[in-house]
Amino acid sequence: MIQEKKIALRQKVSILKKNQDVKSYNNESGLILRKLEELPEFINAKIVMAYWSIKGEVFTHDFIKKWSKYKTFVLPSVDGDIMHLKVYNGSNNLIPGDLYAIPEPEGPLFQDLPDIDLIIVPGIAFDLNNNRMGRGKAYYDRFLRSIEAMKIGICFRFQLFTEVPCDENDIKMDKVISN
């Protein structure tokens, strides 16, 4: 039952993403990330796990480039069913990853998981109780179980619902930021 609800919600959000125009996509991404920049948890963070956005996600490229001068950013690197992290060392050092060819840093794995202060998490949908629904592969859910850092989901308004279908395997966010 939950899986059918998740499939239906993923389809609904997919349609909403396709209807978003480029100008509002860029403007709203900027608004969301400015809200994130103002949070004490971000201001005080030294090591931030983020994601290199793909089409339809809150655009993070410029944000990461800007803040990587002051903070260490680590990005996901997927190997089979396992998500690892690698240190971001500039967009020139990104290579196509195994999953959806999402760009990921080249280089060794980041091993100091307890040192991560803040995690910026994408998702297909979030709800008002900080629940998150991802793409359905559970990469983030499996990975986030092992980390104690503050987890902040970021999404567009059309991805924020009163309630999303979730179960005991879905990791809850500490906060969700939307425009």
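Rules and cut-offs
- Residues numbered from 1 in each chain as written.
- Predicted model: local features only at pLDDT ≥ 70, side-chain atom pairs only at ≥ 80, totals over all residues.
- Heavy atoms only, no water.
- Pairing = 2+ DSSP bridges.
- Helix = DSSP H or I, 4+ residues; strand = E, 2+ residues; numbered from the N terminus.
- Axes fitted to C-alpha atoms, helices over the stretch in contact; angles between N-to-C directions.
- Phe/Tyr/Trp six-rings, centres within 6.5 Å; stacked < 30°, edge-to-face > 60°.
- Lys NZ or Arg CZ within 6 Å of the ring centre and 35° of its normal.
- Contact = heavy atoms within 4.5 Å.
- Core = buried A, V, L, I, M, F, W, Y, C linked by side-chain atoms within 4.5 Å.
- Buried < 20%, exposed > 50% of the residue type's maximum accessible area, 1.4 Å probe, protein only.
- Expected span 1.5 Å × (residues − 1).
- Arc of directions from axis to C-beta.

Some details on the sheet that holds strand β2 (residues 72-79)
Item 1. Taken together, the 6 strands give an open sheet; going across it, the order is β3-β2-β1-β6-β9-β11, and neighbouring strands pair in mixed fashion. At either end of the open sheet lies a strand with only one pairing partner, and these are β3 (82-87) and β11 (175-177). Strand-to-strand twist of the sheet, defined as the mean angle between neighbouring strand axes without regard to direction, takes the value 30 degrees.
Item 2. One ladder, built from 2 bridges, connects strand β1 (residues 47-49) with strand β6 (residues 118-121); its direction is parallel. Bridge pairing in β6 links V48 to L118.

Some points on the packing of aromatic side chains
Item 1. Overall, the coordinates contain 8 aromatic pairs when judged by the stated rule.
Item 2. In textbook terms, an aromatic cluster arises when at least three aromatic residues are bridged by ring pairs, as seen for F42, F63, W67, Y70 and F73.
Item 3. The ring centre of F42 lies 4.7 Å from the NZ or CZ of K71, which sits over that ring.
Item 4. Residue placement shows R142 over the ring face of Y139; its charged tip is 5.4 Å from the ring centre.

Side note on the side chain of T60
Item 1. By the secondary structure assignment, T60 is in the loop between β1 and α4 (61-67).
Item 2. With near-sequence residues (within four places) excluded, T60 lies in contact with L33, Y51, W52, S53 and I154.

Here's the deal with the nonpolar core
Item 1. Of all hydrophobic cores here, the largest spans 54 residues; its most connected members are L36, M49, F63, F73, I116 and I154.
Item 2. What I116 contacts, discounting residues up to four positions off in sequence, is I47, M49, V74, L85, F110, I147 and A149.

Let's talk about the environment of P108
Item 1. Topologically, P108 is positioned in the loop between β5 (103-105) and β6.
Item 2. In this structure, the C-alpha to C-alpha distance between P108 and I32, residues 76 residues apart in sequence, is 31 Å.
Item 3. Beyond its immediate chain neighbours, meaning those up to four positions away, P108 contacts L85 and K86.

Some points on the sheet that holds strand β8 (residues 132-133)
Item 1. An order of β8-β7-β10 is seen for the 3 strands of this open sheet, with the pairing classed as mixed. Two strands close off the open sheet at either side, each with one partner strand: β8 and β10 (160-161).

Things to note about helix α1 (residues 2-18)
Item 1. A rise of 1.5 Å per residue sets the reference length of α1, with its 17 residues, at 24 Å; its end C-alpha atoms lie 24 Å apart and thus fit the reference within 8%.
Item 2. The set of residues buried in α1 consists of K6, L9, R10, V13 and K17. Along the axis of α1, the buried positions cluster into a sector of 105 degrees, meaning they face one direction only. α1 presents E4, Q11, I15 and K18 as exposed residues on the side facing more than 90 degrees away from its buried surface.

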